[in-house]
Amino acid sequence: MWCQRLAWLLRGQRGSTGRRWPWLPRDLGPVPAAPARCCPTAPASPRCAWQLHQDHLELRYGSTLMRLDFVWLRDHCRSASCYNAKTNQRSLDTASVDLAIRPQAVRVDETTLFLTWPDGHVTRYGLEWLVRNSYEGQKQQVMHPRILWNAEIYQQAQVPSVDCRSFLETDEGLKEFLQNFLLYGIAFVENVTPTKEDTEILAERISIIRETIYGRMWYFTSDFSRGDTAYTKLALDRHTDTTYFQEPCGIQVFHCLKHEGTGGRTLLVDGFHAAEQVLRRAPEHFELLAKVPLKHEYVESVGSCHNHMIGVGPVLNVYPWNNELYLIRYNNYDRAVINTVPHDVVRRWYHAHRALTAELRRPDNELWVKLKPGKALFVDNWRVLHGREAFTGYRQLCGCYLTRDDVLNTARLLGLQA
(Lines give C-alpha, C1' and ligand atoms only; values in the text may rest on other atoms or scores of the structure.)
Protein backbone atom coordinates (compact mmCIF):
# COMPACT_ATOMS: atom_id res chain seq x y z
CA MET A 1 0.00 0.00 0.00
CA TRP A 2 1.06 3.62 -0.57
CA CYS A 3 1.10 4.34 3.18
CA GLN A 4 3.31 1.32 3.86
CA ARG A 5 5.77 2.37 1.15
CA LEU A 6 5.75 5.90 2.58
CA ALA A 7 6.45 4.59 6.08
CA TRP A 8 9.43 2.65 4.71
CA LEU A 9 10.73 5.76 2.92
CA LEU A 10 10.43 7.87 6.05
CA ARG A 11 12.26 5.32 8.17
CA GLY A 12 14.98 5.07 5.54
CA GLN A 13 15.49 8.82 5.20
CA ARG A 14 15.27 9.76 8.88
CA GLY A 15 18.40 10.90 10.62
CA SER A 16 20.84 13.76 10.80
CA THR A 17 22.35 13.43 7.31
CA GLY A 18 20.45 16.49 6.06
CA ARG A 19 19.01 14.58 3.08
CA ARG A 20 15.58 15.65 1.88
CA TRP A 21 12.63 13.31 1.64
CA PRO A 22 11.49 12.75 -1.95
CA TRP A 23 7.94 13.86 -1.25
CA LEU A 24 8.83 17.05 0.63
CA PRO A 25 8.88 20.47 -1.07
CA ARG A 26 12.47 21.69 -1.38
CA ASP A 27 11.85 24.76 0.76
CA LEU A 28 11.13 22.76 3.92
CA GLY A 29 14.81 22.29 4.71
CA PRO A 30 16.71 19.23 5.88
CA VAL A 31 15.17 16.54 8.03
CA PRO A 32 15.61 17.44 11.73
CA ALA A 33 17.85 15.24 13.80
CA ALA A 34 15.26 14.95 16.58
CA PRO A 35 13.54 11.54 16.91
CA ALA A 36 10.39 11.29 14.84
CA ARG A 37 7.52 8.82 14.67
CA CYS A 38 5.94 7.89 11.36
CA CYS A 39 2.41 6.57 11.63
CA PRO A 40 0.48 5.77 8.49
CA THR A 41 -3.24 5.98 9.09
CA ALA A 42 -5.72 3.15 8.97
CA PRO A 43 -6.39 1.49 5.60
CA ALA A 44 -9.64 3.48 5.32
CA SER A 45 -7.59 6.64 4.66
CA PRO A 46 -4.89 5.90 2.07
CA ARG A 47 -4.60 9.64 1.24
CA CYS A 48 -3.19 10.53 4.66
CA ALA A 49 0.06 9.97 6.55
CA TRP A 50 1.66 11.80 9.44
CA GLN A 51 4.95 12.14 11.26
CA LEU A 52 5.67 13.55 14.69
CA HIS A 53 8.70 15.85 15.05
CA GLN A 54 10.25 17.59 18.04
CA ASP A 55 8.09 20.73 17.76
CA HIS A 56 5.53 20.07 15.05
CA LEU A 57 3.31 17.53 13.38
CA GLU A 58 3.85 16.84 9.71
CA LEU A 59 0.64 15.78 8.05
CA ARG A 60 0.09 14.88 4.43
CA TYR A 61 -3.54 14.84 3.33
CA GLY A 62 -4.28 14.42 -0.35
CA SER A 63 -1.85 16.61 -2.25
CA THR A 64 -1.19 19.00 0.66
CA LEU A 65 1.76 18.58 3.00
CA MET A 66 1.23 20.54 6.22
CA ARG A 67 3.68 21.36 9.00
CA LEU A 68 1.62 22.18 12.09
CA ASP A 69 3.32 23.63 15.16
CA PHE A 70 2.23 22.06 18.45
CA VAL A 71 1.48 25.42 20.08
CA TRP A 72 -0.62 26.35 17.02
CA LEU A 73 -2.51 23.06 17.28
CA ARG A 74 -3.27 23.66 20.97
CA ASP A 75 -4.16 27.34 20.45
CA HIS A 76 -6.70 26.64 17.69
CA CYS A 77 -8.60 23.92 19.52
CA ARG A 78 -12.34 24.17 18.82
CA SER A 79 -13.56 22.26 21.86
CA ALA A 80 -16.28 23.85 24.01
CA SER A 81 -13.80 24.85 26.72
CA CYS A 82 -11.44 26.55 24.24
CA TYR A 83 -13.77 28.12 21.69
CA ASN A 84 -17.21 29.71 21.97
CA ALA A 85 -19.14 28.42 18.97
CA LYS A 86 -22.03 30.83 19.65
CA THR A 87 -19.87 33.94 19.38
CA ASN A 88 -17.17 32.40 17.13
CA GLN A 89 -14.51 33.65 19.54
CA ARG A 90 -11.55 32.00 21.24
CA SER A 91 -11.97 31.28 24.97
CA LEU A 92 -8.54 29.79 25.53
CA ASP A 93 -5.93 32.13 26.97
CA THR A 94 -3.15 31.76 24.41
CA ALA A 95 -0.56 33.13 26.84
CA SER A 96 -1.27 30.19 29.18
CA VAL A 97 -0.22 27.57 26.63
CA ASP A 98 3.17 26.00 27.39
CA LEU A 99 5.44 26.99 24.48
CA ALA A 100 7.17 23.62 24.81
CA ILE A 101 3.93 21.66 24.68
CA ARG A 102 3.82 18.30 22.88
CA PRO A 103 0.87 15.95 22.44
CA GLN A 104 0.98 12.70 24.40
CA ALA A 105 -0.94 10.83 21.74
CA VAL A 106 -1.86 11.39 18.10
CA ARG A 107 -4.45 9.52 16.06
CA VAL A 108 -5.87 10.09 12.59
CA ASP A 109 -8.91 8.44 11.07
CA GLU A 110 -10.28 9.01 7.58
CA THR A 111 -11.64 12.50 8.35
CA THR A 112 -10.24 13.69 11.70
CA LEU A 113 -7.00 14.36 13.57
CA PHE A 114 -7.12 13.63 17.33
CA LEU A 115 -4.51 15.06 19.72
CA THR A 116 -4.29 14.23 23.42
CA TRP A 117 -2.34 16.79 25.46
CA PRO A 118 -0.36 16.23 28.70
CA ASP A 119 -3.28 17.42 30.86
CA GLY A 120 -5.62 14.92 29.19
CA HIS A 121 -7.41 17.50 27.03
CA VAL A 122 -8.37 16.16 23.59
CA THR A 123 -8.35 18.36 20.48
CA ARG A 124 -10.10 17.29 17.27
CA TYR A 125 -9.53 18.75 13.82
CA GLY A 126 -11.28 17.88 10.59
CA LEU A 127 -8.63 17.16 7.96
CA GLU A 128 -10.42 19.35 5.41
CA TRP A 129 -10.45 22.21 7.95
CA LEU A 130 -6.70 21.82 8.41
CA VAL A 131 -6.10 21.94 4.66
CA ARG A 132 -8.11 25.15 4.37
CA ASN A 133 -6.54 26.83 7.39
CA SER A 134 -2.93 25.66 7.38
CA TYR A 135 -0.21 27.91 6.01
CA GLU A 136 0.39 25.51 3.15
CA GLY A 137 -3.31 25.46 2.31
CA GLN A 138 -3.59 29.23 2.38
CA LYS A 139 -0.65 29.56 -0.02
CA GLN A 140 -2.70 27.65 -2.57
CA GLN A 141 -5.84 29.77 -2.14
CA VAL A 142 -6.87 33.17 -3.45
CA MET A 143 -8.34 35.54 -0.89
CA HIS A 144 -10.29 37.56 -3.45
CA PRO A 145 -11.20 35.93 -6.78
CA ARG A 146 -11.02 38.46 -9.60
CA ILE A 147 -11.20 38.83 -13.34
CA LEU A 148 -8.35 41.02 -14.55
CA TRP A 149 -9.31 43.15 -17.52
CA ASN A 150 -8.33 45.60 -20.17
CA ALA A 151 -10.87 47.56 -22.21
CA GLU A 152 -11.53 44.73 -24.67
CA ILE A 153 -11.94 42.06 -21.99
CA TYR A 154 -14.39 44.19 -20.03
CA GLN A 155 -16.44 45.19 -23.06
CA GLN A 156 -16.64 41.63 -24.35
CA ALA A 157 -17.80 40.42 -20.94
CA GLN A 158 -20.85 42.68 -21.32
CA VAL A 159 -21.12 43.08 -17.56
CA PRO A 160 -24.70 44.26 -16.92
CA SER A 161 -25.65 47.27 -14.86
CA VAL A 162 -28.14 46.66 -12.07
CA ASP A 163 -31.43 48.53 -11.91
CA CYS A 164 -31.74 50.85 -8.93
CA ARG A 165 -34.99 49.34 -7.68
CA SER A 166 -33.59 45.80 -7.87
CA PHE A 167 -30.42 46.98 -6.11
CA LEU A 168 -32.35 48.63 -3.28
CA GLU A 169 -35.23 46.19 -2.83
CA THR A 170 -33.98 42.66 -3.60
CA ASP A 171 -31.13 40.49 -2.41
CA GLU A 172 -30.81 39.09 -5.93
CA GLY A 173 -30.13 42.52 -7.42
CA LEU A 174 -27.72 43.43 -4.62
CA LYS A 175 -25.87 40.11 -4.96
CA GLU A 176 -25.52 40.54 -8.74
CA PHE A 177 -24.13 44.03 -8.25
CA LEU A 178 -21.65 42.91 -5.58
CA GLN A 179 -20.49 39.93 -7.63
CA ASN A 180 -19.74 42.23 -10.56
CA PHE A 181 -17.95 44.64 -8.24
CA LEU A 182 -15.81 41.95 -6.60
CA LEU A 183 -14.80 40.40 -9.91
CA TYR A 184 -14.08 43.56 -11.90
CA GLY A 185 -13.53 46.31 -9.31
CA ILE A 186 -16.24 48.50 -10.89
CA ALA A 187 -20.02 48.23 -11.06
CA PHE A 188 -22.89 50.42 -12.26
CA VAL A 189 -26.41 51.10 -11.03
CA GLU A 190 -28.91 52.51 -13.52
CA ASN A 191 -32.06 54.63 -13.12
CA VAL A 192 -30.92 56.44 -9.99
CA THR A 193 -32.72 59.69 -9.31
CA PRO A 194 -30.01 62.34 -9.96
CA THR A 195 -29.86 63.90 -6.50
CA LYS A 196 -27.34 63.78 -3.72
CA GLU A 197 -29.98 62.40 -1.36
CA ASP A 198 -30.84 59.45 -3.60
CA THR A 199 -27.18 58.72 -4.21
CA GLU A 200 -26.69 58.61 -0.44
CA ILE A 201 -29.51 56.07 -0.08
CA LEU A 202 -27.86 53.99 -2.78
CA ALA A 203 -24.48 54.03 -1.06
CA GLU A 204 -25.90 53.13 2.34
CA ARG A 205 -27.41 49.97 0.89
CA ILE A 206 -23.99 48.29 1.01
CA SER A 207 -21.89 50.24 3.50
CA ILE A 208 -21.46 52.87 6.13
CA ILE A 209 -20.36 56.09 4.42
CA ARG A 210 -16.82 57.06 5.37
CA GLU A 211 -16.63 60.71 6.36
CA THR A 212 -13.31 62.34 5.45
CA ILE A 213 -11.84 65.83 5.19
CA TYR A 214 -14.13 66.23 2.16
CA GLY A 215 -17.20 65.61 4.27
CA ARG A 216 -19.75 62.83 4.15
CA MET A 217 -21.50 63.29 0.78
CA TRP A 218 -19.80 65.78 -1.50
CA TYR A 219 -20.72 67.88 -4.49
CA PHE A 220 -17.98 68.12 -7.07
CA THR A 221 -17.70 71.06 -9.48
CA SER A 222 -14.93 72.99 -11.19
CA ASP A 223 -15.05 75.90 -8.75
CA PHE A 224 -11.61 75.24 -7.18
CA SER A 225 -13.31 75.25 -3.80
CA ARG A 226 -10.66 72.79 -2.59
CA GLY A 227 -6.92 72.79 -3.09
CA ASP A 228 -7.03 69.91 -5.56
CA THR A 229 -6.68 69.62 -9.35
CA ALA A 230 -9.88 67.58 -9.38
CA TYR A 231 -11.86 70.78 -8.67
CA THR A 232 -10.96 72.21 -12.08
CA LYS A 233 -11.90 71.51 -15.72
CA LEU A 234 -8.47 70.08 -16.49
CA ALA A 235 -7.84 66.50 -17.54
CA LEU A 236 -6.82 64.15 -14.75
CA ASP A 237 -4.37 61.32 -15.32
CA ARG A 238 -5.18 57.88 -13.90
CA HIS A 239 -4.75 57.62 -10.15
CA THR A 240 -6.15 56.20 -6.95
CA ASP A 241 -7.66 58.49 -4.33
CA THR A 242 -6.56 59.31 -0.79
CA THR A 243 -3.09 57.80 -1.17
CA TYR A 244 -2.15 60.30 1.55
CA PHE A 245 -4.34 58.46 4.08
CA GLN A 246 -2.66 55.78 6.17
CA GLU A 247 -5.50 53.56 4.96
CA PRO A 248 -6.75 54.79 1.58
CA CYS A 249 -10.51 54.83 1.16
CA GLY A 250 -11.78 51.50 -0.10
CA ILE A 251 -14.65 52.33 -2.44
CA GLN A 252 -15.63 55.51 -4.23
CA VAL A 253 -19.08 56.37 -5.57
CA PHE A 254 -19.57 58.76 -8.52
CA HIS A 255 -22.89 60.05 -9.81
CA CYS A 256 -23.04 62.75 -12.47
CA LEU A 257 -26.01 64.99 -11.65
CA LYS A 258 -25.60 67.48 -14.48
CA HIS A 259 -23.30 68.35 -17.37
CA GLU A 260 -23.99 71.17 -19.77
CA GLY A 261 -20.95 71.06 -22.05
CA THR A 262 -18.54 68.71 -23.80
CA GLY A 263 -15.86 66.22 -22.78
CA GLY A 264 -15.51 64.97 -19.23
CA ARG A 265 -15.46 61.25 -19.96
CA THR A 266 -14.29 59.09 -17.06
CA LEU A 267 -11.21 56.93 -17.49
CA LEU A 268 -10.96 53.56 -15.71
CA VAL A 269 -7.90 51.29 -15.63
CA ASP A 270 -7.55 47.94 -13.86
CA GLY A 271 -4.39 48.51 -11.83
CA PHE A 272 -4.14 44.83 -10.91
CA HIS A 273 -4.12 43.85 -14.58
CA ALA A 274 -1.28 46.29 -15.23
CA ALA A 275 0.65 45.06 -12.19
CA GLU A 276 0.20 41.46 -13.36
CA GLN A 277 1.82 42.37 -16.67
CA VAL A 278 4.78 43.90 -14.81
CA LEU A 279 5.09 40.77 -12.69
CA ARG A 280 5.07 38.57 -15.79
CA ARG A 281 7.60 40.65 -17.75
CA ALA A 282 9.87 42.00 -15.01
CA PRO A 283 9.29 40.35 -11.62
CA GLU A 284 12.16 42.33 -10.10
CA HIS A 285 10.21 45.55 -10.80
CA PHE A 286 7.09 44.13 -9.16
CA GLU A 287 9.08 43.08 -6.10
CA LEU A 288 10.64 46.52 -5.72
CA LEU A 289 7.27 48.29 -6.03
CA ALA A 290 5.89 45.97 -3.37
CA LYS A 291 8.72 46.57 -0.89
CA VAL A 292 9.79 50.22 -1.10
CA PRO A 293 7.72 52.51 1.17
CA LEU A 294 6.82 55.96 -0.12
CA LYS A 295 5.13 59.01 1.34
CA HIS A 296 2.08 60.59 -0.25
CA GLU A 297 1.08 64.03 0.96
CA TYR A 298 -1.91 66.38 0.79
CA VAL A 299 -1.32 70.00 1.75
CA GLU A 300 -4.31 72.35 1.55
CA SER A 301 -4.96 75.89 2.63
CA VAL A 302 -8.01 77.19 0.78
CA GLY A 303 -10.65 79.24 2.57
CA SER A 304 -11.54 77.44 5.77
CA CYS A 305 -9.97 74.15 4.65
CA HIS A 306 -6.57 73.60 6.22
CA ASN A 307 -5.13 70.07 6.01
CA HIS A 308 -1.78 68.37 5.95
CA MET A 309 -2.05 64.61 5.56
CA ILE A 310 0.67 62.01 4.98
CA GLY A 311 0.23 58.34 4.12
CA VAL A 312 3.07 55.85 3.91
CA GLY A 313 3.17 52.60 1.99
CA PRO A 314 4.49 50.86 -1.12
CA VAL A 315 2.86 51.30 -4.51
CA LEU A 316 1.87 47.63 -4.56
CA ASN A 317 0.66 45.85 -1.42
CA VAL A 318 0.60 42.05 -1.36
CA TYR A 319 -0.32 39.32 1.10
CA PRO A 320 3.06 37.85 2.10
CA TRP A 321 1.93 34.22 2.24
CA ASN A 322 0.68 33.94 -1.38
CA ASN A 323 1.97 37.14 -3.04
CA GLU A 324 -1.61 38.13 -3.92
CA LEU A 325 -1.97 41.83 -4.72
CA TYR A 326 -4.67 43.54 -2.66
CA LEU A 327 -3.97 47.30 -2.88
CA ILE A 328 -2.34 49.67 -5.35
CA ARG A 329 -1.39 53.14 -4.11
CA TYR A 330 -0.69 55.13 -7.27
CA ASN A 331 -1.04 58.90 -7.53
CA ASN A 332 1.71 60.91 -9.18
CA TYR A 333 -0.01 64.17 -8.17
CA ASP A 334 0.20 63.45 -4.47
CA ARG A 335 3.45 61.50 -4.19
CA ALA A 336 5.68 63.36 -1.75
CA VAL A 337 9.45 63.81 -1.78
CA ILE A 338 11.12 60.41 -2.05
CA ASN A 339 13.25 60.40 1.06
CA THR A 340 12.60 56.87 2.30
CA VAL A 341 14.76 55.17 -0.34
CA PRO A 342 18.59 54.99 -0.27
CA HIS A 343 20.53 56.21 -3.28
CA ASP A 344 21.48 52.73 -4.46
CA VAL A 345 17.80 51.75 -4.69
CA VAL A 346 16.05 54.89 -5.92
CA ARG A 347 17.17 54.60 -9.55
CA ARG A 348 15.95 51.00 -9.71
CA TRP A 349 12.67 52.15 -8.19
CA TYR A 350 12.27 54.76 -10.94
CA HIS A 351 12.77 52.03 -13.54
CA ALA A 352 10.12 49.90 -11.82
CA HIS A 353 7.72 52.84 -11.55
CA ARG A 354 8.24 53.61 -15.23
CA ALA A 355 7.41 50.00 -16.17
CA LEU A 356 4.15 50.12 -14.20
CA THR A 357 3.24 53.55 -15.54
CA ALA A 358 3.79 52.35 -19.11
CA GLU A 359 1.34 49.49 -18.51
CA LEU A 360 -1.22 51.78 -16.88
CA ARG A 361 -1.00 54.14 -19.87
CA ARG A 362 -1.33 51.51 -22.57
CA PRO A 363 -4.35 52.58 -24.70
CA ASP A 364 -5.78 49.05 -24.73
CA ASN A 365 -5.99 49.17 -20.92
CA GLU A 366 -8.12 52.34 -20.93
CA LEU A 367 -11.87 52.00 -20.46
CA TRP A 368 -13.63 55.30 -21.19
CA VAL A 369 -17.13 55.83 -19.80
CA LYS A 370 -19.45 58.80 -20.16
CA LEU A 371 -21.18 59.32 -16.83
CA LYS A 372 -24.72 60.61 -17.23
CA PRO A 373 -27.44 61.56 -14.74
CA GLY A 374 -29.08 58.42 -13.41
CA LYS A 375 -26.05 56.13 -13.77
CA ALA A 376 -23.99 55.69 -10.59
CA LEU A 377 -20.51 54.20 -10.67
CA PHE A 378 -18.86 52.31 -7.81
CA VAL A 379 -15.05 52.02 -8.02
CA ASP A 380 -12.73 49.80 -5.97
CA ASN A 381 -10.19 52.46 -5.01
CA TRP A 382 -7.71 49.76 -3.92
CA ARG A 383 -7.64 48.32 -7.42
CA VAL A 384 -9.05 50.47 -10.22
CA LEU A 385 -7.47 53.80 -11.17
CA HIS A 386 -9.71 56.57 -12.44
CA GLY A 387 -9.18 59.82 -14.31
CA ARG A 388 -11.05 62.09 -16.71
CA GLU A 389 -10.66 64.07 -19.88
CA ALA A 390 -10.91 67.86 -19.84
CA PHE A 391 -14.39 69.31 -20.20
CA THR A 392 -16.28 72.48 -20.94
CA GLY A 393 -19.39 73.92 -19.39
CA TYR A 394 -20.97 73.23 -16.05
CA ARG A 395 -20.44 69.71 -14.69
CA GLN A 396 -21.64 68.60 -11.29
CA LEU A 397 -20.97 65.25 -9.64
CA CYS A 398 -21.83 63.97 -6.21
CA GLY A 399 -20.42 61.02 -4.40
CA CYS A 400 -18.80 59.61 -1.30
CA TYR A 401 -16.32 57.10 0.03
CA LEU A 402 -17.43 53.80 1.54
CA THR A 403 -15.76 51.67 4.19
CA ARG A 404 -14.29 48.61 2.54
CA ASP A 405 -14.95 46.33 5.49
CA ASP A 406 -18.69 46.99 5.34
CA VAL A 407 -18.93 46.33 1.60
CA LEU A 408 -17.10 43.02 1.97
CA ASN A 409 -19.22 42.16 4.99
CA THR A 410 -22.40 42.69 2.94
CA ALA A 411 -21.00 40.46 0.19
CA ARG A 412 -20.12 37.65 2.58
CA LEU A 413 -23.56 37.71 4.18
CA LEU A 414 -24.97 37.09 0.70
CA GLY A 415 -22.75 34.06 0.26
CA LEU A 416 -20.02 35.61 -1.90
CA GLN A 417 -16.29 35.08 -1.40
CA ALA A 418 -14.89 38.44 -0.39
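Reading the values: the criteria
- Residues numbered from 1 in each chain as written.
- Predicted model: local features only at pLDDT ≥ 70, side-chain atom pairs only at ≥ 80, totals over all residues.
- Heavy atoms only, no water.
- UniProt positions renumbered as here; feature names shortened; annotations may be inferred.
- 1 Å grid on protein atoms, 1.4 Å probe; cavity = no way out; pocket = protein on both sides within 12 Å on 5 of 7 lines; lining within 4 Å.
- Points joined across faces, edges and corners; volume = space filled by probe spheres on them.
- Helix = DSSP H or I, 4+ residues; strand = E, 2+ residues; numbered from the N terminus.
- Nonpolar A, V, L, I, M, F, W, Y, C, P; charged D, E, K, R; others polar.
- Core = buried A, V, L, I, M, F, W, Y, C linked by side-chain atoms within 4.5 Å.
- Buried < 20%, exposed > 50% of the residue type's maximum accessible area, 1.4 Å probe, protein only.
- Pairing = 2+ DSSP bridges.
- pLDDT = per-residue confidence, 0-100.
- Contact = heavy atoms within 4.5 Å.
- Axes fitted to C-alpha atoms, helices over the stretch in contact; angles between N-to-C directions.
- Parallel < 35°, antiparallel > 145°, perpendicular 65-115°, else oblique.
- Left-handed = near helix turned anticlockwise from the far one by under 90°.
- Salt bridge = Lys/Arg side-chain N within 4 Å of Asp/Glu carboxyl O.

Per an unreviewed UniProt entry, the recorded name for the protein is Trimethyllysine dioxygenase, mitochondrial, and the organism is Lanius ludovicianus. In its Catalytic activity (unreviewed entry) section, UniProt records this for the protein: "N(6),N(6),N(6)-trimethyl-L-lysine + 2-oxoglutarate + O2 = (3S)-3-hydroxy-N(6),N(6),N(6)-trimethyl-L-lysine + succinate + CO2". UniProt, in its Sequence similarities (unreviewed entry) section for the protein, records the words "Belongs to the gamma-BBH/TMLD family."

Draft legend 1. Fine view of the layout of surface pockets. Computed from the structure, the second largest pocket encloses a volume of approximately 270 Å³. The element best represented in the lining of the second largest pocket is helix α9 (residues 271–281), accounting for four residues.

Draft legend 2. Layout of empty space enclosed by the protein. A complete count under the given rule lists three cavities of 30 Å³ or more for this structure. Within this model, the largest cavity holds a volume of roughly 110 Å³. Every residue along the wall of the largest cavity is listed here: His 144, Pro 145, Arg 146, Phe 181, Leu 182, Gly 185, Ile 251, Asp 380, Arg 383, Arg 404 and Leu 408. Those elements that provide at least two residues to the lining of the largest cavity are α7 (171–184) and α12 (404–413). Tallied by class, the residues present in the lining of the largest cavity amount to five nonpolar, two polar and four charged.

Draft legend 3. Looking closely at the nonpolar core. If you look at the biggest cluster of nonpolar residues, it comprises 28 residues, and the most contacted ones within it are Phe 167, Phe 177, Leu 178, Ile 206, Phe 378 and Leu 402. Elements supplying a minimum of two residues to this core: α6 (164–169), α7, β11 (186–190), α8 (196–204), β15 (251–260), β22 (376–380), β24 (394–402) and α12. The greatest single-element share of this core, amounting to five residues, is contributed by α7.

Draft legend 4. Quick peek at the pairing of strand β2 (residues 48–52). Buried residues dominate β2, accounting for five of its five residues. Neither face of β2 is exposed, since Cys 48, Trp 50 and Leu 52 on one face and Ala 49 and Gln 51 on the opposite face are all buried. Where β2 meets strand β3 (residues 56–61), five bridges bridge the pair, whose relative direction is antiparallel. Opposite Leu 52, over in β3, you have Leu 57 as the bridge partner.

Draft legend 5. Up close: unusual backbone geometry. One non-glycine residue, Gln 158, adopts positive backbone phi at about 50°. Structurally, the position occupied by Gln 158 is in the loop between α5 (151–157) and β10 (162–163). One non-glycine residue with positive phi stands out, namely Thr 242, at about 50°. Inspection of the secondary structure assignment puts Thr 242 in the loop between β14 (236–239) and β15.

Draft legend 6. Geometry of the pairing of strand β9 (residues 122–126). Residue alternation in β9 divides its side chains into a buried set, Thr 123 and Tyr 125, and an unburied set, Val 122, Arg 124 and Gly 126. Where strand β8 (residues 112–116) lies against β9, five bridges are found, and the strand directions are antiparallel. Residue pairing in the sheet places Phe 114 in a bridge with Arg 124 of β9. With antiparallel pairing between neighbouring strands as the criterion, β8 and β9 make up a hairpin whose turn holds five residues, including Gly 120 at a positive phi of roughly 90°.

Draft legend 7. A look at the confidence of the model for the protein. When pLDDT is averaged along the protein, the result is 88; 86% of the residues meet or exceed 70. Predicted confidence is poor over residues 1–38, with pLDDT under 50, and the contacts of this stretch with residues over four places away or in other chains come to 59 contacts.

Draft legend 8. Representation of the packing of α9 against helix α11 (residues 343–360). At a closest axis distance of 9 Å, the pairing of α9 and α11 adopts a crossing angle of 130°. The pairing of α9 with α11 is recorded here as oblique in orientation. Handedness of the α9/α11 crossing: right-handed. Residues Gly 271, Ala 274, Ala 275, Gln 277, Val 278 and Arg 281 of α9 form the contact with α11, whose participating residues are Ala 355, Leu 356, Glu 359 and Leu 360. In terms of residue class, the contact of α9 with α11 is made up of six nonpolar, two polar and two charged.

Draft legend 9. Structural detail: the sheet that holds strand β7 (residues 105–108). Pairing is antiparallel across the open sheet formed by three strands, whose spatial order is β7-β8-β9. Taken across any chain shown, the strands that pair with only one partner, and hence form the sheet edges, are β7 and β9. Neighbour to neighbour, the strand axes of the sheet diverge by 15° on average, direction disregarded. Bridge count for β7 against β8 is four bridges, and the pairing is antiparallel. Looking at β8, one finds that Arg 107 is bridged to Phe 114.

Draft legend 10. Expanded view of the sheet that holds β14. Here four strands make up an open sheet; going across it, the order is β14-β23-β16-β21 and the pairing antiparallel. Strand pairing shows two members of the sheet lacking a second neighbour, β14 and β21 (367–369), which therefore form its edges. The mean inter-strand angle of the sheet, taken between neighbouring strand axes irrespective of direction, is 20°. One ladder, built from three bridges, connects strand β16 (residues 266–270) with β21; its direction is antiparallel. The residue bridging Thr 266 from the neighbouring strand is Val 369, located in β21. Sitting on the sheet, α9 touches β16 and β23 (384–388), and the angle it makes with β16 is about 40°.

Draft legend 11. Summary view of the pattern of salt bridges. Under the counting rule described, the total for this entry stands at 18 salt bridges. The shortest N-O distance in the salt bridge between Arg 361 and Asp 237 comes to 2.9 Å. Here the residue Arg 361 occupies a position in the loop between α11 and β21, and Asp 237 occupies one in strand β14, the gap between them amounting to 124 residues. Between Glu 359 and Arg 362 there is a salt bridge; the shortest N-O distance is 3.8 Å. Glu 359 sits in the buried class, given a relative accessible area of 7%.

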